[in-house]
Amino acid sequence: MTEQHKIELELLALRVREHIIRMSTDGGCFIGASLSCTDLLVYLYTEVLNISPSLLKDQDRDYLLLSKGHDVPALYGTLAELGFIEKERLLNHLKTIDSIYWHPNRNIPGVEFHSGSLGHLLSVGIGIALDMKMRSGKNRVFVILGDGELNEGSIWEGLLVAAAYQLDNLVIIVDRNEFQANIRTEELIPLESIDKKFKAFGCFVKRIHGHDFEQMEQTFSQLPFNMGQPSVVIADTVRGRGLPSIEHRADRWFVNFTHEEVEMLLDELHGEKESTLTSETIMVR
Amino acid sequence: MTYEEKLKEISEHNHNLVVMTAENRAAIRNLPSVLGNRFIDVGITEQTMIGAAAGLALRGRTPIVHALATFLTLRAFEFIRTDIGIGNLPVKLVGGVPGFLSEANGPTHQAIEDVSIMRGIPNMKIFCPADHEELVSALPLIIQDRSPWYIRYTTLQPVVKHYDSFTFGKAEILDDGMDVALLTYGFMTMESWKAKKILEKRGISVRFINLRTLKPIDEGAVIHAAKECSLIVTIEDHFLIGGLFSIVGELFLKHNMMANVLPIALDNQWFKPALLHDVLSYEGFTGEQIAAKIMVRLQQTERSNEVYHNEKHVKQIL
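How each quantity is defined
- Residues numbered from 1 in each chain as written.
- Chains lettered and ligands numbered in written order.
- Predicted model: local features only at pLDDT ≥ 70, side-chain atom pairs only at ≥ 80, totals over all residues.
- Helix = DSSP H or I, 4+ residues; strand = E, 2+ residues; numbered from the N terminus.
- Rg over C-alpha atoms; globule rule 2.2 N^0.38 Å.
- Buried ≥ 20, exposed ≤ 12 C-beta atoms within 10 Å, placed from the backbone.
- Contact = placed C-beta atoms within 7 Å.
- Pairing = 2+ DSSP bridges.
- Axes fitted to C-alpha atoms, helices over the stretch in contact; angles between N-to-C directions.
- Arc of directions from axis to C-beta.
- Left-handed = near helix turned anticlockwise from the far one by under 90°.
- Nonpolar A, V, L, I, M, F, W, Y, C, P; charged D, E, K, R; others polar.
- Parallel < 35°, antiparallel > 145°, perpendicular 65-115°, else oblique.

## Examining the overall build of chain B
Within chain B, the secondary structure is distributed over twelve helices and twelve strands. Against the compact-globule benchmark of 20 Å for 318 residues, chain B has a radius of gyration of 21 Å, which places it among compact chains. With respect to the principal axes defined by its C-alpha atoms, chain B has extents near 80 × 40 × 35 Å. Put simply, chain B has 318 residues, and 47% of those count as buried. By sequence separation, contacts in chain B at least 24 residues apart represent 77% of the contacts at least 6 residues apart.

Have a look at this one:
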């Protein structure tokens, strides 16, 4: 990856993060999880997925499914930056005149399916992958899972089926930000070693740093990792990535900031000093 | 023509038809060789089956999914509601051994709240065929329809001759008597028909309504029956809460009507697990027992009418 290319990706990710921060007021959003998967979404949409605003109805397009739907601000931001939706439309966040709310839905161009209830879109992705196989398509399904979402039994049930049907056109990406809602995963329901678990379920697993574009390039260029096996990428990420005042904070899962705090966070994103935040997290779980 | 023969026939011209099962192959045993990769058995994973059916539907397929009615509607309920319901996807859910047909399996296998929970999902339609013939004849229309459907599967042979072809939301009225109207669906059509014959021998004029689709419901058929007959009887192998009795009750409230209704359903309890014949007699659902319950109710109604008329008479004198 050239330095120039890397800078372009970083700038794009920075703009997506700005969108996310702007969505964290007037009702708020799940800011932490959105920031953790931003770099992954930016890389996938620009470098990996065969998808664009003109291919939205193309039978041969790749699919991206956001199974942990609460990080949708990262997806809205990415879709807006890449021209799937008008950037101005993000101003409609949480307004009844539009459908840009806390979880994804198909009223937004680029969103393939709704989510919000954890543990659903792996099985939906399996159905899409099965159909692609039936049509002998070369296209693929990417499913983004949260690490907390791995608590759901339906994930492991789905993996059995994906492995049984040898879905090597299925790519599962785990946003391993180490938190589930308000608690560290390893303090509540320990997940490690995640790699071994997925491997034992018949997947081919790679683990990467989820904010490193060069590692993403090396990894995603090798898809499918192995013929006849689902590919799994465990991406180690940081919840709240880009904002030190939010990073690693268990209590900054869902926050509704004041307008002043949003301005501070935007400055912080651009390298200014850490914000002094007083808005409390809202315990929605 | 059997159910699976019909599916095979439809699949020959409808290339988007996909048959899925959570390892319940009883109804579709011969389809794997016919359908090839359009036959998908996901093993005992009802949730994954429903999610995958949603994915297939997003790609233009019409999945017909099979599992035991209780596990299909209960284990996978949130997937049905969230993926199929919110998505309004054309997935057809076929529930095996519903109601009394689970016989001696015990309460774990008794799908007797399936109608109740399925009808609460926006977009979902419900078909409860009286017998195999009715099921097979309705299949092409249901598969063609772009809504999700829940179907109570049956292999029963017909006890009545069906003259009217299947139409969504249209009940089959097999006799239009004026004393008692029997409203039923699915498996209970058989015993209800026996009850009708017994009542008629006693000189009671019976209207017989096989509802076929519980959602949409044939409002006209129910309302006319309530206006024209002195007693409405709802007969179902389902909990009293949420099934046909509830549907009919909601309908009367909606139309600001009063009606004399006798429900025959499972009142807040699971049924005694046993062989079908014994279940029916133990629970009081044989044709004879149904007829007897109706006779008692008719006599009570008559007596209360007499009291009412007497009181009216007394008031007039005063």
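After that view, the rundown keeps rolling.
## Quick look at the sheet that holds strand β8 (residues 180-184) of chain B
Strand pairs in the sheet, formed through backbone hydrogen bonds, run parallel or antiparallel to each other. Residue and element names in this part refer to chain B. Read across the open sheet, the five strands follow the order β7-β9-β8-β11-β12; overall the sheet is mixed. The sheet terminates laterally at β7 (172-176) and β12 (261-266), the two strands that pair on one side only. The mean inter-strand angle of the sheet, taken between neighbouring strand axes irrespective of direction, is 15°. Examined bridge by bridge, β8 and strand β9 (residues 206-210) share five bridges and lie parallel to one another. Paired with A181 across the bridge in β9 is R207. Sheet strands in contact with helix α8 (residues 189-201) are β8, β9 and β11 (231-239), and its direction is about 170° off that of β8. Contacts from helix α10 (residues 244-254) reach β8, β11 and β12, with the element oriented near 135° to β11.

## Re helix α9 (residues 219-228) of chain B
Residue and element names in this part refer to chain B. Taken together, the buried positions of α9 are occupied by A221, V222, A225 and A226. Viewed end-on, α9 has its buried residues packed into an arc of 130°, placing them on one side of the element. Projecting away from the buried face of α9 at angles above 90 degrees are the exposed residues G220 and K227. Contact partners of the buried residues in α9: β7, β8, β9, β11 and α10.

## Some remarks on the packing of helix α1 (residues 3-22) of chain A against helix α2 (residues 31-48) of chain A
All names here are of chain A. For the pair α1 and α2, the least separation of the axes is 9 Å and the interaxial angle reads 145°. In this structure, α1 meets α2 at a crossing whose hand is right-handed. Counting all contacts with α1, which are made through L9, L12, A13, V16, R17 and I20, the residues of α2 involved are I31, S34, L35, T38, D39, V42, Y43 and T46.

## Points about the environment of L174(B)
Residue and element names in this part refer to chain B. The topology assignment puts L174 in strand β7. Since 21 C-beta atoms lie within 10 Å of it, L174 is described here as buried. When the C-alpha positions of L174 and P129 are compared, they lie 14 Å apart, and in sequence the two are 45 residues distant. Beyond its immediate stretch of four places on either side in the chain, L174 contacts V160, F208 and N210.

## Remarks on the interface of chain A and chain B
With 18 residues of chain A at the interface, the matching set in chain B holds 23 residues. Contributing elements (two or more residues each) for the side of chain A that touches chain B: α4 (121-134) and α5 (153-164) of chain A. At nine residues, the largest contribution of residues to the side of chain A that touches chain B is made by α4(A). In terms of residue class, the side of chain A that touches chain B is built from eight nonpolar, eight polar and two charged.

## Here we look at unusual backbone geometry
Here the bond from L223(A) into P224(A) is cis, since omega is -10°, no more than 30 degrees from zero. Structurally, the position occupied by P224(A) is in the loop between α8 (213-220) and β7 (231-236). Of note, the bond from K215(B) into P216(B) is cis; its omega dihedral lies within 30 degrees of zero at 0°. Tracing the backbone shows P216(B) in the loop between β10 (213-215) and α9. Of note, L94(A) is a non-glycine position whose phi angle comes to about 70°, a positive value. The topology assignment puts L94(A) in the loop between α3 (72-81) and α4. What makes L94(A) partly exposed here is the crowd of 14 C-beta atoms within 10 Å.

## Considering the packing of α4(A) against helix α3 (residues 46-58) of chain B
Each packed pair of helices is defined by two parameters, the angle between the axes and the distance between the axes. The interhelical angle for the contact between α4(A) and α3(B), taken along N-to-C directions, is 50°, at an axis separation of 6 Å. Our classification of the angle between α4(A) and α3(B) gives oblique. For the pair α4(A) and α3(B), the sense of crossing is right-handed. Residues S123(A), V124(A), G125(A), I126(A), G127(A), I128(A), L130(A) and D131(A) of α4(A) form the contact with α3(B), whose own contacting residues are Q47(B), T48(B), G51(B), A52(B), A53(B), A54(B), G55(B), L56(B) and L58(B). The class makeup of the residues in the contact of α4(A) with α3(B) is nine nonpolar, seven polar and one charged.

These values are about where atoms sit, not about what they do.
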